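Architecture and fold: a report
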Amino acid sequence: MEKIRRTKIVDLLQRKDWGAMVNVKGWVRTRRGSKQVNFVALNDGSTINNVQVVVDLANFDEEMVKQITTGACLSVNGELVESIGSGQAGEIQAREIEVLGACDTTYPLQKKGCSMEFLREIAHLRPRTNTFGAVFRIRHNMAIAIHEFFHQKGFFYFHTPIITASDCEGAGQMFQVTTKNLYDLKKDENGSIIYDDDFFGKQASLTVSGQLEGELAATALGAIYTFGPTFRAENSNTPRHLAEFWMVEPEVAFADLNELMDLEEEFIKFCVQWALDNCKDDLEFLNKMIDKGLIERLQKVVSTEFVRLPYTDGIKILEEAIAKGKKFEFPVYWGCDLASEHERYLVEEYFQKPVIMTDYPAEIKAFYMKQNEDGKTVQGTDVLFPQIGEIIGGSVREENYDKLIARINELNIPMKDMWWYLDTRKYGTCPHAGFGLGFERLLLFVTGMANIRDVIPFPRTPRNAEF
Ligand code: 4AD
Ligand code: MG
């Protein structure tokens, strides 16, 4: 076969230099046609769109043509010609075809319309479908948007450890990391495991959040963000929870509650606008095939002001709704941790806008949140989104050493593990604030996919670590 430099299909579909000899490589999506001429839809992952390869059967070896089956990988040399059919501007009149990889009938992606559940079982192949191709291209673009946003604003990308000995959220949902022989654990007289001889000489785990180390960086570099994998051993089998997910955590010195909320809102809007600007073809596909209201919802979010609602006012609204006959599964009272049905009522029915809820009861939030004067509430913020519920959790941090210690003692958090964190409050403490955005929750919103397992290539959930 003649050596011609490969053109990516995304670039080829822009070209209009009819008559040029080109090479494309990709996987067969479909093949149809007559005894004389076949039309092969080829996709190389560079775009949702396929290029049509026209194969005049008289010019090709019959045995080779038999191998042009769904899923097969081809290299095609041919002439770029103007397409007379509908669809793309150009197509390829094949001159030479090499089958790089044949694909037999056991290939599981033969027919269209496989269920999401089935595709999860073949997560090693699902990136080859239109839907997952679109989702993973958008995932890439959202990662770029995140770096772009913070870089433009002068935040530094700071790498926090994956392995840690502290539980940031204090929720005890950590996966342990050990090299100990689990069949032969040394224990003390109380039956507690002795970690002195473990790899790190202490009990270590996978991080649930980079925030604590992020605070160290923010109180030195001014404004930073982390973006990495986080792990939670919570046994939540829901469409919004993963055991391994990616989190974006900016942390800003000198920011107060209003500046925190401004940053949260500006950040999400920037990312959504980025998707609208940079992922047009993929969004149009998802809008057509997955969620008819998707693009309209994205456009609405970038153009509406988020509601800013103190928790106490939110509870009042929910109580009024109940008085008017609204039924919820879980009870509503001041101090309760809102269930997703409550959050969705506020966002989807009452305001019909994203809501930033603030000033939560201290009891339902983590130890590090700044305590309000009322002695009951803390300056925590959750950003609540239509369809998703909580997409961001953040807060102003308690920068006062004595108040922070008092809270740590109240909650019985082992102090000796926190000495380095407390040093920020001892040496030149400063007001600061930050938040964590669940990357996959953002992707759920931006793609319109219904299950968080379908916006990460290889989901980790309870009882599932395949691939
Ligand atoms: O609200 P969370 O637990 O907050 C923190 O971890 C803070 N340390 C963040 C900070 O202030 N720097 O988690 C933050 C976000 C949630 O709003 C949600 O979007 C996402 O992380 N999240 C999950 N996403 C997928 N699966 C899970 N199990 C998640 N748990 C939290
Ligand atoms: Mg939260």
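Look above for the structure.
Attention in this report is confined to the structure presented alongside it. (Residues numbered from 1 in each chain as written. Chains lettered and ligands numbered in written order. Predicted model: local features only at pLDDT ≥ 70, side-chain atom pairs only at ≥ 80, totals over all residues. Heavy atoms only, no water.)

1. Focus on the site of ligand 1
- Around ligand 1 sit 25 residues in total, of which Glu169, Gln211, Glu234, Glu249 and Glu390 are the nearest.
- Tyr368 is positioned with one of its side-chain polar atoms (N or O) 3.4 Å from a nitrogen atom of ligand 1.
- A distance of 2.9 Å is found between an oxygen atom of ligand 1 and a backbone nitrogen or oxygen belonging to Ile391.
- Starting from 630 Å² of accessible surface for ligand 1 in isolation, the protein chains cover 94%.
- Where the shell around ligand 1 is concerned, the elements lending two or more residues are β11 (244–253), β15 (389–396) and β16 (432–438).
- The greatest single-element share of the shell around ligand 1, amounting to five residues, is contributed by β15. (Near = heavy atom within 4 Å. Polar contact = N/O pair within 3.5 Å; in protein donor to acceptor, adjacent residues only side chain to side chain. Areas by Shrake-Rupley, 256 points an atom, 1.4 Å probe, with all protein chains shown as cover. Helix = DSSP H or I, 4+ residues; strand = E, 2+ residues; numbered from the N terminus.)

2. Remarks on the environment of Arg441
- Among the structural elements, Arg441 can be located in helix α13 (residues 439–447).
- A residue is classified by how much of its surface remains accessible, and Arg441, at 17% relative accessible area, is buried.
- Through-space distance from the C-alpha of Arg441 to that of Ile392 is 8.7 Å; in sequence the pair is 49 residues apart.
- If sequence neighbours within four positions are ignored, Arg441 has contacts with Arg240, His241, Ile388, Glu390, Ile391 and Ile452. (Buried < 20%, exposed > 50% of the residue type's maximum accessible area, 1.4 Å probe, protein only. Contact = heavy atoms within 4.5 Å.)

3. Notes on the pattern of salt bridges
- Scanning the entire structure with this criterion turns up 27 salt bridges.
- Of the charged contacts in the structure, one is a salt bridge between Asp17 and Arg15, with a shortest N-O distance of 2.9 Å.
- For Asp17, a relative accessible area of 35% gives the class partly exposed.
- The class of Arg15 is partly exposed, set by a relative accessible area of 25%.
- Connected through salt bridges with shared partners, the residues Glu215, Glu251, Arg397 and Arg425 form a single ionic network. (Salt bridge = Lys/Arg side-chain N within 4 Å of Asp/Glu carboxyl O.)

4. Here's the deal with a nonpolar patch on the surface
- Residues Ile162, Ile163, Phe199 and Phe200 make up a contiguous nonpolar surface patch of roughly 380 Å² in combined accessible area.
- On the secondary structure map, Phe199 appears in the loop between β8 (176–177) and β9 (204–206). (Patch = residues over 30% accessible without salt bridge, like charges linked within 9 Å, V, L, I, M, F, W, Y side chains within 5 Å.)

5. Comments concerning the sheet that holds β9
- Pairing is antiparallel in the open sheet, where three strands are placed in the order β7-β9-β8. On the outer flanks of this sheet lie β7 (163–164) and β8, each paired with one strand and no other.
- In this structure, β7 lies alongside β9, joined through two bridges in antiparallel fashion. Following the sheet pairing, Thr164 is matched in β9 by Ser205. (Pairing = 2+ DSSP bridges.)

6. Regarding the sheet that holds strand β3 (residues 51–56)
- If you walk around this closed barrel you meet the five strands as β1-β2-β3-β5-β4, and the pairing is mixed. In this sheet, neighbouring strand axes are inclined to one another by 55 degrees on average, regardless of whether the strands run parallel or antiparallel.
- With 10 bridges connecting them, strand β4 (residues 73–82) and strand β5 (residues 90–101) associate as antiparallel partners. In the sheet register, Leu74 faces β5, and the bridge partner there is Val99. (Axes fitted to C-alpha atoms, helices over the stretch in contact; angles between N-to-C directions.)

7. Quick look at helix α6 (residues 257–278)
- Compared with the 32 Å implied by 1.5 Å per residue over 22 residues, the 32 Å span of α6 between its first and last C-alpha is a close match.
- Two or three places before Asn258, at the opening of α6, Asp256 has a side-chain oxygen 3.2 Å from that residue's backbone nitrogen. (Expected span 1.5 Å × (residues − 1).)

8. Here's the deal with helix α5 (residues 211–221)
- The complete set of buried residues in α5 reads Gln211, Leu212, Glu213, Gly214, Glu215, Ala217 and Ala218.
- Close packing links the buried residues of α5 with β7, β10 (223–231), β11, α12 (419–426) and β16.
- Residue Gly222 follows α5 closely and has a positive phi angle near 95 degrees.

9. What to know about the pairing of β10
- In terms of residue burial, β10 counts as a mostly covered element, since nine of its nine residues are buried.
- Across two bridges, the pairing between strand β6 (residues 156–157) and β10 is parallel. The partner of Phe156 across the bridge, within β10, is Ile224.
- In this sheet, β11 lies alongside β10 in antiparallel orientation, the contact comprising nine bridges. From the neighbouring strand, Tyr225 faces β11, where its bridge partner is Pro250.

10. What about the environment of Lys327?
- In this structure, Lys327 sits in the loop between α9 (311–323) and α10 (340–350).
- Sequence spacing of Lys327 and Ala102 is 225 residues, and the spatial spacing of their C-alpha atoms is 57 Å.

11. Brief notes about the packing of aromatic side chains
- Scanning the entire structure with this criterion turns up 24 aromatic pairs.
- Ring centres of Phe149 and Phe270 lie 5.3 Å apart, and the angle between their planes is 55 degrees; on these two criteria the pair is classed as tilted. With a gap of 121 residues between them, Phe149 in helix α4 (residues 130–152) and Phe270 in helix α6 connect regions that are remote in the sequence.
- Three or more aromatic residues joined by ring pairs form one cluster here, namely Phe149, Phe150, Phe155, Tyr157, Tyr225, Phe267, Phe270, Trp274 and Phe435.
- Residue placement shows Lys365 over the ring face of Tyr360; its charged tip is 4.2 Å from the ring centre.
- Sitting above the plane of the Trp334 ring, Lys376 keeps its charged end 5.0 Å from the centroid. (Phe/Tyr/Trp six-rings, centres within 6.5 Å; stacked < 30°, edge-to-face > 60°. Lys NZ or Arg CZ within 6 Å of the ring centre and 35° of its normal.)

12. Side note on the side chain of Thr304
- Relative to the elements of secondary structure, Thr304 occurs in the loop between α8 (294–303) and β12 (307–310).
- Within polar-contact distance, the side chain of Thr304 engages the backbone oxygen of Lys300 at 2.8 Å.
- In contact with Thr304, not counting residues within four places along its chain, are Glu265, Lys269, Lys353 and Pro354.

Note that every value here comes from positions in space, so none of it alone points to a role or purpose.
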